[in-house]
Amino acid sequence: MIKNDLLIRTLRKEQTERTPVWFMRQAGRYLADYRALREKHSFFERVRNPELAAAISVMPVKQLGVDAAILFSDILVVAQALGVDVEILEGKGPIIAEPIRNQKQIVVLHPEETEEVLAYAIPTTRAVKDSLENEVPLIGFCGSPWTLLCYMVEGKGSRDFSKAKQFCYQHPDLAGQLLDKITESSIRYLQMQITAGVDVLQIFDSWGGLLSPSDYKKLSLPYLGKIVKAVESFVPVILFAKGCWYALEALKETGASAVGLDWTIQPAFARMAAGEMVLQGNLDPVVLLGPANYVENETISMLRAFGKGNHIANLGHGVLPETPFENAKVFVETVKNFRF
Ligand code: CP3
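The sections below set out a description of the structure shown in this document.

Here is what the cut-offs are and how they apply
Residues numbered from 1 in each chain as written. Predicted model: local features only at pLDDT ≥ 70, side-chain atom pairs only at ≥ 80, totals over all residues. Heavy atoms only, no water. Helix = DSSP H or I, 4+ residues; strand = E, 2+ residues; numbered from the N terminus. Rg over C-alpha atoms; globule rule 2.2 N^0.38 Å. Buried < 20%, exposed > 50% of the residue type's maximum accessible area, 1.4 Å probe, protein only. Contact = heavy atoms within 4.5 Å. Areas by Shrake-Rupley, 256 points an atom, 1.4 Å probe, with all protein chains shown as cover. Lys, Arg positive; Asp, Glu negative; His and termini not counted. Charge placed at Lys NZ, Arg CZ, Asp CG, Glu CD. Near = heavy atom within 4 Å. Polar contact = N/O pair within 3.5 Å; in protein donor to acceptor, adjacent residues only side chain to side chain. 1 Å grid on protein atoms, 1.4 Å probe; cavity = no way out; pocket = protein on both sides within 12 Å on 5 of 7 lines; lining within 4 Å. Sits in = over half its atoms within 2 Å of the grid points. Nonpolar A, V, L, I, M, F, W, Y, C, P; charged D, E, K, R; others polar. Points joined across faces, edges and corners; volume = space filled by probe spheres on them. Pairing = 2+ DSSP bridges. Axes fitted to C-alpha atoms, helices over the stretch in contact; angles between N-to-C directions. Left-handed = near helix turned anticlockwise from the far one by under 90°. Salt bridge = Lys/Arg side-chain N within 4 Å of Asp/Glu carboxyl O. Core = buried A, V, L, I, M, F, W, Y, C linked by side-chain atoms within 4.5 Å.

A word on the overall build of the protein chain
Logical step 1: Scanning the protein chain for helices and strands turns up 17 helices and 9 strands.
Logical step 2: Taking 20 Å as the expected radius of gyration for a compact globule of 340 residues, we find that the protein chain reaches 19 Å, a close match to that expectation.
Logical step 3: Across its three principal directions, the C-alpha atoms of the protein chain cover 55 × 45 × 35 Å.
Logical step 4: By the burial criterion, 59% of the 340 residues in the protein chain qualify as buried.
Logical step 5: Nonlocal contacts in the protein chain, meaning residues at least 24 apart in sequence, comprise 74% of its contacts between residues at least 6 apart.
Logical step 6: Surface exposure of the protein chain reaches about 14200 Å², of which carbon and sulfur atoms provide 51%.
Logical step 7: Each charge class in the protein chain was averaged separately, 36 positive and 39 negative side chains, and the resulting centres sit 2 Å apart.

Shown next as structure tokens:
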């Protein structure tokens, strides 16, 4: 039994004494203890080593008092599972030296080797679970197939992922083959996380909003739907679809328990589109760079705009590395002290 199960009860649409709160990318560089570990261990060393992954995942729970932990890993491990070399470089983000551009490169991708390549995920996830001592739930995750395709084809981060989109428009069949393989590997990876004890899953469709509504229906939604269907009977699923305000109604139909919103979406609009679905979000991460009283006021306005129940407090995207720790704490404390 989990002692603080506010997040899970909210995902089940139960009445709770207050709104649960956590941050996307909460295990990261705004924490001094995390920065210290970066000096000694490379990114994937931190992901693959059970003690390091556990220490990092637990940091925000201990230091900020958030209502959930998230597994320390990255969405790009699924590209590695498929056989693609990925590096994460300081100041540059993910780099894929040989981006996927043709059928030959897609044919050799091997989703059936996911369990072998990502074998470390079982002991690392178990180590995180053990370190949490059932204080709060553990969120597992993966990226959406579309968001993974963006990095695998573009080869790096981008403002518009134009090479990735161009690839899909020029070679729709190949794009479909690639998305199918990413989908299969993602399901296998999430099933490993479930086996190892995660309580909730979140799928990050961070670049869904780069697609037109009709392309979203072709290139992202069907694959998200497949993943949700494969796992939703085991644990509740949160879909974070940044910039996808136009797809809220369709996202509801996937069977996910909650949808994560970015800060451009008005809660009242989301309620209209997604009905009684649980909503997560959606303070602008940059607000946390402002003065503490501004953070507090904006957090209260956000809570009021969502209203009582069926809401998980979070930012509209990941917490920024330059966020003052004290302001992250103000956000958490404001949510925890607020009552309707
Ligand atoms: O705290 C957590 O949320 C758990 C760990 C986590 C990481 N990445 C660790 C990480 C999670 C959930 C992610 C998800 C992720 N990774 C997404 C989706 C969420 C989002 O922010 O949109 C995406 C698009 C990626 C790909 C990725 N990984 C990028 C773009 C970067 C570089 C940008 C940056 O923040 O530097 C990474 C590297 C990465 N993944 C870091 C962390 C903590 C920073 C590198 C480091 O600490 O050395």
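The rest of the description comes next.
Thoughts on the site of the ligand
Logical step 1: Surrounding the ligand, one finds 22 residues, the nearest of these being Arg 29, Tyr 34, Asp 74, Ser 206 and His 317.
Logical step 2: Gln 26 is positioned with one of its backbone polar atoms (N or O) 3.1 Å from an oxygen atom of the ligand.
Logical step 3: Here the ligand occupies the largest pocket.
Logical step 4: Secondary-structure elements contributing two or more residues to the shell around the ligand are α2 (32-40), α3 (43-48) and β3 (93-95).
Logical step 5: Across the shell around the ligand, the residue classes tally to 12 nonpolar, 5 polar and 5 charged.

Overview of the layout of surface pockets
Logical step 1: In this model, the largest pocket occupies a volume close to 1200 Å³.
Logical step 2: Around the largest pocket, the lining comprises 38 residues; the ones closest to its centre are Arg 25, Arg 29, Asp 74, Gly 93 and Pro 94.
Logical step 3: Of all the secondary-structure elements, those providing two or more residues to the lining of the largest pocket are α2, α3, β2 (87-89), β3 and α9 (145-154).
Logical step 4: Classifying every residue of the lining of the largest pocket gives 22 nonpolar, 9 polar and 7 charged.
Logical step 5: For the second largest pocket, the calculated volume is near 190 Å³.
Logical step 6: Classifying every residue of the lining of the second largest pocket gives 7 nonpolar, 3 polar and 2 charged.

Things to note about the environment of Ala 27
Logical step 1: Relative to the assigned elements, Ala 27 resides in the loop between α1 (6-11) and α2.
Logical step 2: Residue classification places Ala 27 among the buried residues on the basis of a relative accessible area of 14%.
Logical step 3: Spatially, the C-alpha atom of Ala 27 lies 17 Å from that of Lys 40, the residues being 13 residues apart in sequence.
Logical step 4: Not counting the four nearest positions on each side in its chain, Ala 27 is found in contact with Tyr 34, Ile 56, Pro 60 and Phe 72.

Regarding the pairing of strand β5 (residues 200-205)
Logical step 1: Counting buried positions along β5 gives 6 out of 6 residues, so the element sits mostly inside the fold.
Logical step 2: Both faces of β5 are covered, namely the face carrying Val 200, Gln 202 and Phe 204 and the face carrying Leu 201, Ile 203 and Asp 205.
Logical step 3: With 5 bridges joining them, strand β4 (residues 138-143) and β5 adopt parallel strand pairing. Within the sheet, the bridge partner assigned to Cys 142 lies in β5 and is Ile 203.
Logical step 4: Bridge count between β5 and strand β6 (residues 237-241): 5 bridges; the pairing is parallel. Each residue of the ladder has a partner; that of Asp 205, found in β6, is Ala 241.

Examining the packing of α9 against helix α11 (residues 172-195)
A pair of packed helices is captured by two measures, namely the crossing angle of their axes and the spacing between those axes.
Logical step 1: Remark: α9 packs on α11, axes separated minimally by 9 Å, with the N-to-C direction vectors making an angle of 115°. Crossing handedness for the pair α9 and α11: right-handed. In contact with Pro 145, Trp 146, Leu 148, Leu 149, Met 152 and Val 153 of α9, α11 contributes Ala 175, Leu 178, Leu 179, Ile 182 and Thr 183.

What to know about the pattern of salt bridges
Logical step 1: The tally for this structure, following the rule as stated, stands at 11 salt bridges.
Logical step 2: When the shortest N-O distance is used, the salt bridge between Glu 14 and Arg 12 registers 3.4 Å.
Logical step 3: Here Glu 115 and Arg 188 are joined by a salt bridge, their closest N and O atoms 3.0 Å apart. Residue Glu 115 is located in helix α7 (residues 114-117), and its partner Arg 188 is located in helix α11; the two are separated by 73 residues in the primary sequence.

Here we look at the side chain of Ser 57
Logical step 1: With respect to the helices, strands and loops of the structure, Ser 57 is situated in helix α4 (residues 50-64).
Logical step 2: A relative accessible area of 0% places Ser 57 in the buried class.
Logical step 3: At 2.9 Å, the side chain of Ser 57 forms a polar contact with the backbone nitrogen of Phe 72.

Overview of the nonpolar core
Logical step 1: Phe 23, Met 152, Leu 178 and Phe 331 are the most contacted members of the largest nonpolar core, which totals 128 residues.
Logical step 2: In terms of residues, this core owes the most to one element, α11, which gives 10 residues.
Logical step 3: The residues touching Phe 331, leaving out its near neighbours within four places in the chain, are Val 21, Phe 23, Leu 283, Leu 288, Val 295, Thr 299, Met 302, Ala 313, Asn 314 and Leu 315.

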